[in-house]
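What follows is each chain in one-letter form.
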Amino acid sequence: MRRTHEDRRTICRSAVGLLPLMAAVAMVAGAVPPVAAAQPTSRTQLTPAQAQGPSTIAVFRPSEGKWYFRGLGTVSYGLNGDIPEPRDYNGDGRIDLAVFRPSEGKWYIRGAVPISYGLNGDIPEPRDYNGDGRIDLAVFRPSEGKWYIRGAVPISYGLNGDIPEPRDYNNDGRIDLAVFRPSEGKWYIRGAVPISYGLKGDIPEPRDYNNDGRIDLAVFRPSEGKWYIRGAVPISYGLKGDIPIPRDYNGDRRIDLAVWRPSNGTWYLRGLATVQWGLPGDIPVSTPPQVAL
């Protein structure tokens, strides 16, 4: 089951090692003093028009443990060091605010009981892995090169330093385990032949860019400010230091190239708009409009 809000894939790379933002946060989370977060009890119901609209522009602010949704509101949920992972966890068709807390190895899903699943240093990758239409809690453990999917047997697939990118690559309706290996510039998709596409330092961003219903391998190259989409001409859009966050921002059901610039807290949406939303240190978390606030 492929989900258009895939992910937060909000990925930031350190100067050395090309680490996902989530992994980098996870590695230091234990050193961050906890800050109590409020637990709002009400949810804002969206209108049908809002539910059919484009992806939201939003950020999670670790320093405050708050989510800021442009045009929708602000919600306190989380602590400094948490990794935001909004998904539809209860199957009601609405996006639930959620975080993975590396310091505890726990998942906090708003409105649900916390669940222990994972260790400090794991990279959270929740998806519908068993095809039952519900999101499964899951982590990729770089230190072991293993995937831990709740309710399933651990699977060895990947190496330390790989960037997990699970998607439905063969279009069979099920999520395929996959990693991008920066050291080789290769994609390893379980059950398929490795594919060379990218360079060390690239940020993987696989999506259906040409709207043919299939996932396209793609990377954003910070050193050039270019997007490389397999089978297409490279596109210049962005600067070094930008965080790529491609989504459908205008509601036309096509993926728009976009970056969030941490230095000025600005979203750059190709062909659409430039929007200032966020502060340095925030994590961009664009979601579908069906978010339960």
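It should be emphasised that the depicted structure is a prediction, and the values quoted were computed from it without experimental measurement.

S.K.: Sorry if this is basic, but what is going on with the sheet that holds strand 20 (residues 243-244) here?
M.R.: Where strands meet in a sheet, backbone hydrogen bonds hold them as pairs that are either parallel or antiparallel. If you walk across this open sheet you meet the four strands as 20-21-22-23, and the pairing is antiparallel. This sheet does not close on itself; its edge strands, each paired only once, are strand 20 and strand 23 (273-276).

S.K.: Looking at this structure, I do not really get the pattern of salt bridges. What am I missing?
M.R.: Once their charged atoms are close, side chains differing in charge can pair, the charge on each being opposite to the other. Counted under the stated rule, the structure contains 15 salt bridges. Among the ionic pairs, Arg101 bridges to Asp82, the shortest N-O distance being 2.8 Å. Here Asp82 lies in the loop between strand 3 (73-76) and strand 4 (83-84) and Arg101 lies in strand 5 (residues 98-101), a separation of 19 residues in the sequence. For Arg101, a relative accessible area of 10% gives the class buried. On the accessibility criterion, Asp82 (1% relative accessible area) is buried. Note that Arg141 is salt-bridged to Asp122, the shortest N-O span being 2.8 Å. You can see Arg141 sitting in strand 9 (residues 138-141) and its partner Asp122 sitting in the loop between strand 7 (115-116) and strand 8 (123-124), a full 19 residues away along the chain. Assessed through its relative accessible area of 10%, Arg141 is described here as buried. Residue classification places Asp122 among the buried residues on the basis of a relative accessible area of 1%. Among the charged side chains, a salt-bridge network with shared partners connects Arg61, Glu64 and Asp282.

S.K.: Mind showing me how you'd approach the sheet that holds strand 24 (residues 283-284) here?
M.R.: The sheet built from four strands is open, its strands ordered 3-2-1-24 with antiparallel pairing. Since the sheet does not close on itself, it has two edges, and those belong to strand 3 and strand 24, each with one partner. Relative to strand 3, strand 2 (residues 66-69) is paired through four bridges, and the arrangement is antiparallel. Note on strand 3: the bridge partner recorded for Trp67 is Val75.

S.K.: Whenever I open this one, the packing of aromatic side chains confuses me. Can you help?
M.R.: Remark: the centre distance and the inter-plane angle together describe each pair of aromatic rings, the angle taken between the planes. For the structure on display, the rule yields seven aromatic pairs. A ring pair is formed by Trp67 and Phe69, whose centres lie 6.3 Å apart and whose planes are at 5 degrees; its orientation type is stacked. Residue Trp67 is classed as buried on the basis of its relative accessible area of 0%. For Phe69, a relative accessible area of 1% puts it in the buried group. With a centroid separation of 5.3 Å and 50 degrees between ring planes, the pair formed by Phe220 and Trp227 is classed as tilted. With respect to class, Phe220 is no different from Trp227; both count as buried. Put simply, the rings of Phe60, Trp67 and Phe69 touch in pairs and so form one group of aromatic residues. The lysine or arginine in question, Arg101, covers the ring of Tyr108, its NZ or CZ lying 4.0 Å from the ring centre. A cation sits over an aromatic face here: Arg261 above Tyr268, 4.1 Å from the ring centre.

S.K.: I keep staring at the nonpolar core and nothing clicks. Help me out?
M.R.: One recurring pattern in soluble globular proteins: nonpolar side chains tend to sit buried together. Formed by 14 residues in total, the largest nonpolar core has its most connected members in Trp67, Phe69, Tyr77, Leu97, Val285 and Val291. At the level of secondary structure, the elements contributing two or more residues to this core comprise strand 1 (58-61) and strand 2.

The rules behind the values
- Residues numbered from 1 in each chain as written.
- Predicted model: local features only at pLDDT ≥ 70, side-chain atom pairs only at ≥ 80, totals over all residues.
- Heavy atoms only, no water.
- Pairing = 2+ DSSP bridges.
- Helix = DSSP H or I, 4+ residues; strand = E, 2+ residues; numbered from the N terminus.
- Salt bridge = Lys/Arg side-chain N within 4 Å of Asp/Glu carboxyl O.
- Buried < 20%, exposed > 50% of the residue type's maximum accessible area, 1.4 Å probe, protein only.
- Phe/Tyr/Trp six-rings, centres within 6.5 Å; stacked < 30°, edge-to-face > 60°.
- Lys NZ or Arg CZ within 6 Å of the ring centre and 35° of its normal.
- Core = buried A, V, L, I, M, F, W, Y, C linked by side-chain atoms within 4.5 Å.

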